[in-house]
Amino acid sequence: MNAATGEVLYDRGGTTASRTASVMKVLTSAAALSVLGPDYRAATTVVKGSEPGSVVLVGGGDVTLSRTSTGTETVYPGAAHLDDLAAQVEAAWAADPSNPPLTKLILDASYFSGDEWEPSWALKERDDGYMSNITALMVDGDRDDPGANTSGRSADPVGRAGDAFASELGGVSVVERGVAPAGAAQLGQVQSPTVAQLVDKALVVSDNTVAEMLARLVAIETGAGNTFGAINAGVLQGLAAYGIDTTGVTVVDGSGLSDNNAVPPSYLTRLFVKINAREGNLGVLMDGLPVSGVRGSLGYDDRFSGDNAVADGAVSAKTGWIDTGYTLSGVVRAQDGSTLTFAIYALGEVTGEAKQAIDTLATGFYLCGDNLSNQ
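Because the structure is predicted, anything quoted here is derived from the model rather than measured.

1. As for the overall build of the protein chain
Phase 1: The number of helices and strands found in the protein chain is ten helices and eight strands.
Phase 2: The globule rule puts the C-alpha radius of gyration for 375 residues at 21 Å, and the 22 Å found for the protein chain is close to it.
Phase 3: Counting only C-alpha atoms and orienting by the principal axes, one finds that the protein chain spans roughly 80 × 40 × 35 Å.
Phase 4: Relative to its 375 residues, the protein chain shows a buried fraction of 56%.

2. Section: the layout of surface pockets
Phase 1: Here the largest pocket is characterised by a volume of approximately 630 Å³.
Phase 2: Forming the walls of the largest pocket are 26 residues, and the residues nearest its centre are Tyr130, Val205, Ser206, Tyr300 and Trp321.
Phase 3: When contributions to the lining of the largest pocket are tallied by element, the ones reaching two or more residues are α6 (208–222) and β6 (315–322).
Phase 4: The element that contributes the greatest number of residues to the lining of the largest pocket is β6, accounting for five residues.
Phase 5: For the lining of the largest pocket, a count of residues per class yields seven nonpolar, ten polar and nine charged.
Phase 6: Its boundaries defined by the atoms lining it, the second largest pocket holds a volume of some 450 Å³.

3. A short note on the pairing of strand β1 (residues 43–48)
Phase 1: Bridge count between β1 and strand β5 (residues 186–191): five bridges; the pairing is antiparallel. Looking at β5, one finds that valine 47 is bridged to glutamine 186.
Phase 2: Across four bridges, β1 lies against strand β2 (residues 54–58) in antiparallel orientation. By the bridge assignment, valine 47 is partnered in β2 with valine 56.

4. Side note on the sheet that holds strand β7 (residues 325–333)
Phase 1: Ordered by their spatial adjacency, three strands build an open sheet running β6-β7-β8, and the pairing between neighbours is antiparallel. Looking at the sheet topology across the chains shown, the edges are occupied by β6 and β8 (339–347). Strand-to-strand twist of the sheet, defined as the mean angle between neighbouring strand axes without regard to direction, takes the value 5°.
Phase 2: Packing against the sheet, helix α8 (residues 265–276) makes contact with β7 and β8, and its axis sits at approximately 145° to β8.
Phase 3: Here helix α10 (residues 352–368) sits on the sheet in contact with β7 and β8, set at roughly 20° to β7.

5. Overview of the packing of aromatic side chains
Phase 1: In this structure the tally under the stated criterion is six aromatic pairs.
Phase 2: Ring centres of tyrosine 10 and phenylalanine 365 lie 6.1 Å apart, and the angle between their planes is 55°; this geometry places the pair in the tilted category. With tyrosine 10 in the segment before α1 (24–35) and phenylalanine 365 in helix α10, this pair connects stretches of sequence that are 355 residues apart.
Phase 3: Relative to tryptophan 121, the ring of tryptophan 117 has its centre 5.0 Å away and its plane inclined at 85°; by these criteria the two rings are edge-to-face. As far as the burial class goes, tryptophan 117 and tryptophan 121 line up, both buried.
Phase 4: Aromatic ring contacts, followed pair by pair, group Tyr10, Phe342 and Phe365 into a single cluster.

Procedures and definitions
Residues numbered from 1 in each chain as written. Predicted model: local features only at pLDDT ≥ 70, side-chain atom pairs only at ≥ 80, totals over all residues. Heavy atoms only, no water. Helix = DSSP H or I, 4+ residues; strand = E, 2+ residues; numbered from the N terminus. Rg over C-alpha atoms; globule rule 2.2 N^0.38 Å. Buried < 20%, exposed > 50% of the residue type's maximum accessible area, 1.4 Å probe, protein only. 1 Å grid on protein atoms, 1.4 Å probe; cavity = no way out; pocket = protein on both sides within 12 Å on 5 of 7 lines; lining within 4 Å. Points joined across faces, edges and corners; volume = space filled by probe spheres on them. Nonpolar A, V, L, I, M, F, W, Y, C, P; charged D, E, K, R; others polar. Pairing = 2+ DSSP bridges. Axes fitted to C-alpha atoms, helices over the stretch in contact; angles between N-to-C directions. Contact = heavy atoms within 4.5 Å. Phe/Tyr/Trp six-rings, centres within 6.5 Å; stacked < 30°, edge-to-face > 60°.

Pasting the structure below:
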């Protein structure tokens, strides 16, 4: 589509709603920027427990919270750290001489409910280090290695977070699950990076866990609910602000990992017109996209290489890959000076050759510009 005129230059099955792979993160990010805003931060809080000597660690959906020492850079720039939270709690606890020794930690992950693992996801995505269980309380995206984007994940993110916080507090002999008492006194709080920072992470390296965090917070903020099943209504409500018909769009998750997601390519081309125009807060999304031959998942050696390198720097787009498809959608600054928006899905039993074919087609868009033929 010509972004300036709205003319559809090339269309093959553009109205067919299909799985998007990680291009779904564009919809998730757009909804988050609409509903939450770029400056929103998720909070992790500690409150006093109902039993003497107990505190409750309350997850607020921040998957970036880190068990590493303050000052350590993890995969999440600007992440909060448990040692900071523990220091706040210890100071507040010591300030009240009537408090007995702190010996019990209760973990409250009730901000999210329902399944922790979307039933249509393959468990190998967790084993291979691409996706965590989705819980309201976790540390480092539940990675074994907080400094590696791709790293093994556990079957119990809440337990890992609780063990790490108990270690920071010291003296804790009991760790159990529960819910914070109503009106409990707050002892400490830390906050996540901003939605703008999280969108950048979700887009440039396609962080699945962050995308699920954003989708779930959108669902909660819109009142749709706090389960996987609430994401569709929440994200669609967030996208409604952009005035584009969402007929045919089904949002099963925030990351695009599910084969059951469905988005027509034509919807993406229209949404990218708004993103390119930086409508509302969408400039954040535009700035977070990978760029051909330059940034993120389009800057890898196997993207826009060989003859396709002529389009280096000209394609700003979100990549996608699952076992059943490769996808790419975004904006092309064409050779003739025109700006095009596009979406390409290569679905089925795909290989890396499909990825190269997508790049070749996008390069063709770059070379043809407004003269692209629909014949």
